[in-house]
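# Tertiary structure, described
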Amino acid sequence: MSAFQDFSYLSERRRAERAQRRKRMMIAAGAVSVILVVAVCAAAAVVYNSKSTSSTATTTANSSSSSSNSTKGFQVSSAVQVLCAPTDNRTICESTLKDAVNSTSSPKDLVRAAVAVIVDEVRKAFEKSDAIGTADPAVKSAVEVCQKLHKYEVAELNSTLNTIDAYHLNKLPEQVHELKNWLSAAATYQETCIDGFPDGEQKDKMRAAMTTAKQLTSNALAIVGSLSSFLSLIKIGGGSGGRRLLAKEQKLSADHSKAIGEDDLPNWVRDGDRRFLTGRAAKQLSPNVTVAKDGSGDFKTISEALAKIPSSYDGRYVIYVKEGVYEEQVVVDTNMVNVTMYGDGSRKSVITGSKNFVDGTKTFETATFAAIGDGFIAIAIGFQNTAGAAKHQAVALRVQSDRSIFLNCRMEAYQDTLYAHTHRQFYRGCLILGTVDFIFGNAAAIFQNCIFSVRRPLDNQQNIVLAQGRTGSHETTGFVVHNTRFTAEPDLVAAAGKIPSYIGRPWKEFSHTVVMESEIGDFISPDGYMPWDGDFALKTLSYTEYGNKGAGADTSKRIKWPGFKVIGRNEAAAFTPTTFIQGDDWIPKTGTPVRLGLFD
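A brief report on the enclosed structure follows. Here the structure is a predicted model, which is why all the values come from computation and not from measurement. (Residues numbered from 1 in each chain as written. Predicted model: local features only at pLDDT ≥ 70, side-chain atom pairs only at ≥ 80, totals over all residues. Heavy atoms only, no water.)

### Topic: the overall build of the chain
This is how it is decided: Under the scheme used here, helices are H or I runs from DSSP no shorter than 4 residues and strands are E runs no shorter than 2 residues, and both carry numbers assigned from the N terminus. In what follows, a contact means two residues having at least one pair of non-hydrogen atoms within 4.5 Å. Here the Shrake-Rupley method, with its probe set to 1.4 Å, supplies the accessible areas, and only the displayed protein chains count as covering residues.
Each helix and strand in the chain was counted, giving 15 helices and 26 strands. Within the chain, contacts between residues at least 6 apart in sequence are counted, and of these 70% link residues at least 24 apart. Approximately 24,100 Å² of the chain is accessible, and the part contributed by carbon and sulfur atoms is 49%.

Given below as structure tokens:
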């Protein structure tokens, strides 16, 4: 098996999308639908009766004695209430679903409608961003970002609907991880649109315009997450419901790597990983094209190489970036799926830029490198933003690519170095440098065997490593830091005691971080975490630690927020690559070294 093959899941997804219209026509809309409706109605009515008031129970009895069509209508209405029970916005859930279905709707129709109702509401919300626009350049720029985000969100919702259409109802629970992944990304794009506006009237208008869309997306996440329970209720086999078993660490073949210079590796990397990463017994990757600044390759810039990827290419496209400093803003766009990009070392093949917030660029657009197309892999490459601390937000790398991997890479900036924006991401053996909130976003990201190296910020600033931005409790996102080191750069060490440094702070209301089996240096404040603004998010965030070591790992003096806790081994297992990002399905196939379970 090739280390850089097309992910089998992505191939399956494309096939499913191509076939979704045909499959939709093949769904039994006659007798099978009637049988399913009867099943829903019978079970839902039982649950509904057990939870409803006496007056509602009387209505149920009266409906049962009326005509057949009337009975069906009431029973579907009851099923809607059952579906909406786990949501945080039950009133709007019930009203929108009742408007979207009718008395002959099947259980699958109800589930589909929960997502379909988002599409039009999102369109209306994003369209209002145009009306909000003014002559203010900052607002105009925010509107442009919103329009781009709308396109991304439409793609996420289409993927969700296509998968619901393509699978039989009793197989949908097996796709829960995928459905929640796309819906979580959709929720993030909505919030990112709002964040782009400067504080004030326009931002308030955009937040109000997006309110219903956000509520409907939260509802869909809750409904999808409860599919197994719903199917069990109506006596339809729900599959595994997304349940996953922990797997042992995969043994990886040495011929799945490119030779990478041993001097690029931190000295604490384990011997097995060192042999893999240096590739002494490994075959060289065979690139489709080579980029060389000195003209010795097929292209002089990375952007040129990406622009020439064949539209009909089916498989993994490999780009070799030879040693050099490439001053360009690179975008691996949505249509560029399964791209592998490797260099001669993270300090030899470097992509650099200096766009920043102070000079008028929205944070989202400051990224030197943006990985958007699914299945992106980067190996032994450096990503820089050289704007400096005084320019505040200046992103080196923004990642939206689902099932993306960064192996032995270096991300270097000050504030907002790595924007782990959306989807599932895996970082292994990477060095990430920064100051304020320098790893931020709302991806489901795992950082394994990495180094977080904290620099000296401006004199009036403090350092925060993680600023995770989960906006709702049903989203399957968060930052997991596994067997990683928190260290201080020499300039920060020289200022010991003058500049406080923290593991994280809650960027959004349900901020979610896990730090486990890692080494935390003594420069980290004993509090561990700092608030964002007053008591914002302190009751809803989820910050956990397990099995850490080092002078900064003592949890006895940690903050006493309701959302912080020290967890045990069984709880920590839920945040390993296998469980948290379904990593056993895709990481080993690329030849990337990975610990799928806990280390100890």
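### Regarding the sheet that holds strand β1 (residues 289–291)
Working definition: the strands of a sheet are paired by backbone hydrogen bonds and lie parallel or antiparallel to each other. Counted only if it meets this: By this definition, two strands are paired if DSSP reports at least two bridges between them. For helices, the fitted axis covers only the stretch in contact; all axes are lines through C-alpha atoms, and the angles between them, taken along N-to-C directions, range from 0 to 180 degrees.
Judged by pairing direction, the sheet is parallel, and its 11 strands sit side by side in the order β1-β2-β5-β8-β11-β14-β17-β20-β23-β25-β26 without closing on themselves. Strands with a single pairing partner mark the edges of an open sheet, and in this sheet they are β1 and β26 (564–566). For this sheet, the mean angle separating the axes of adjacent strands, direction not counted, is 10°.

### Comments concerning the packing of helix α5 (residues 90–100) against helix α6 (residues 107–132)
We apply this condition: For classification purposes, angles smaller than 35 degrees are called roughly parallel, those larger than 145 roughly antiparallel, those between 65 and 115 roughly perpendicular, and all remaining angles oblique.
In contact at an axis separation of 9 Å, α5 and α6 are set at 110° when each is read in the N-to-C sense. By the angle between their axes, α5 is roughly perpendicular relative to α6. Two secondary-structure elements touch here, α5 through Thr96, Leu97 and Ala100 and α6 through Leu110, Ala113, Ala114 and Val117.

### Some thoughts on the sheet that holds strand β21 (residues 485–488)
Pairing is parallel in the open sheet, where eight strands are placed in the order β3-β6-β9-β12-β15-β18-β21-β24. Because the sheet does not close on itself, it has two edges, and the strands there are β3 (324–327) and β24 (519–520). Here four bridges tie strand β6 (residues 349–353) to strand β9 (residues 382–385), and the two strands are oriented parallel to one another. Bridge assignment links Val350 to a residue of β9, and that residue is Gly382.

### Considering the layout of surface pockets
Using the following cut-off: Cavity and pocket criteria rest on a 1 Å grid covering protein atoms alone: a 1.4 Å probe that fits but cannot get out defines a cavity, protein on both sides within 12 Å along at least 5 of 7 lines defines an open pocket, and an atom within 4 Å of a point defines a lining residue. Grid points are joined across faces, edges and corners, and a volume is the space filled by probe spheres set on the points. Put simply, Ala, Val, Leu, Ile, Met, Phe, Trp, Tyr, Cys and Pro go in the nonpolar bin, Asp, Glu, Lys and Arg in the charged bin, and everything else, Gly too, in the polar bin.
When its volume is computed, the largest pocket comes out at roughly 1,100 Å³. If you go around the largest pocket, you meet 40 residues; those closest to its centre are Glu191, Asp195, Lys203, Trp507 and Lys508. Elements with a contribution of two residues or more to the lining of the largest pocket: α8 (176–195) and α9 (201–225). Here the lining of the largest pocket takes six residues from α9, the largest share from any one element. Residue classes in the lining of the largest pocket are distributed as 13 nonpolar, 13 polar and 14 charged.

### Thoughts on unusual backbone geometry
Note the threshold: Burial classes: relative accessible area under 20% of the type maximum marks a residue as buried, over 50% as exposed, and values in between as partly exposed (1.4 Å probe, protein chains only).
Phi is positive for Arg403, which is not a glycine, with a value near 55°. Tracing the sequence through the fold places Arg403 in the loop between β10 (397–399) and β11 (404–407). Take Arg403: its relative accessible area is 2%, and that puts it in the buried class. Despite not being glycine, Asn449 has its phi angle at roughly 55°, a positive value. If you trace the backbone, Asn449 turns up in the loop between β17 (444–448) and β18 (451–454). For Asn449, a relative accessible area of 3% gives the class buried.

### Examining α9
Stated formally: Here, expected helix span is obtained from the residue count minus one, scaled by 1.5 Å. The bend at a residue is defined as the angle formed between two axes, one fitted to the seven residues ending at that residue and one fitted to the seven starting there.
Compared with an ideal rise of 1.5 Å per residue, which puts 25 residues at 36 Å, α9 spans 36 Å between its outermost C-alpha atoms and is within 8% of the ideal. Of all bends in α9, the biggest is about 40°, found at Thr211.

### Some points on the nonpolar core
For clarity, the threshold we go by: What makes a nonpolar core is a set of buried Ala, Val, Leu, Ile, Met, Phe, Trp, Tyr and Cys residues whose side-chain atoms join them at distances within 4.5 Å.
Membership of the largest hydrophobic core comes to 67 residues, with the highest contact counts inside it found for Leu97, Leu149, Leu183, Cys193, Phe197, Met206 and Met210. Elements with a contribution of two residues or more to this core: α4 (68–84), α5, α6, α7 (137–166), α8, α9 and α10 (227–233). Not counting the four nearest positions on each side in its chain, Cys193 is found in contact with Phe126, Cys146, Leu149, Met206 and Met210.

### A short note on the packing of α6 against α9
The geometry of α6 relative to α9 is characterised by a closest axis approach of 9 Å and an angle of 170° between their N-to-C directions. One element, α6, and the other, α9, form an angle in the roughly antiparallel class. On α9, the residues that touch Ala114, Val115, Val117, Ile118, Glu121, Val122, Ala125, Phe126, Lys128, Ser129 and Ile132 of α6 are Gln202, Lys205, Met206, Ala209, Met210, Thr212, Ala213, Leu216, Thr217, Ala220 and Ile223. Tallied by class, the residues present in the contact of α6 with α9 amount to 15 nonpolar, four polar and three charged.

### Here's the deal with the state of the cysteines
Stated formally: Cysteine sulfur atoms are paired as a disulfide whenever they come within 2.5 Å of each other.
Evaluation of the coordinates by the stated rule reveals two disulfides. In this model Cys84 forms its disulfide with Cys93; the gap between the sulfur atoms is 2.1 Å. A torsion of -75° about the S-S bond marks the disulfide between Cys84 and Cys93 as left-handed. The disulfide that involves Cys146 links it to Cys193, with 1.9 Å between the sulfurs. Judged by the torsion about the S-S bond (95°), the Cys146/Cys193 disulfide is right-handed. With a gap of 47 residues between them, Cys146 in helix α7 and Cys193 in helix α8 connect regions that are remote in the sequence. Both residues of the pair, Cys146 and Cys193, belong to the buried class. Counting only the cysteines that take part in disulfides, in the order they occur along the chain, gives the pairing 1-2, 3-4. Distance from the sulfur of Cys450, which forms no disulfide, to the nearest cysteine sulfur (Cys430) is 4.7 Å.

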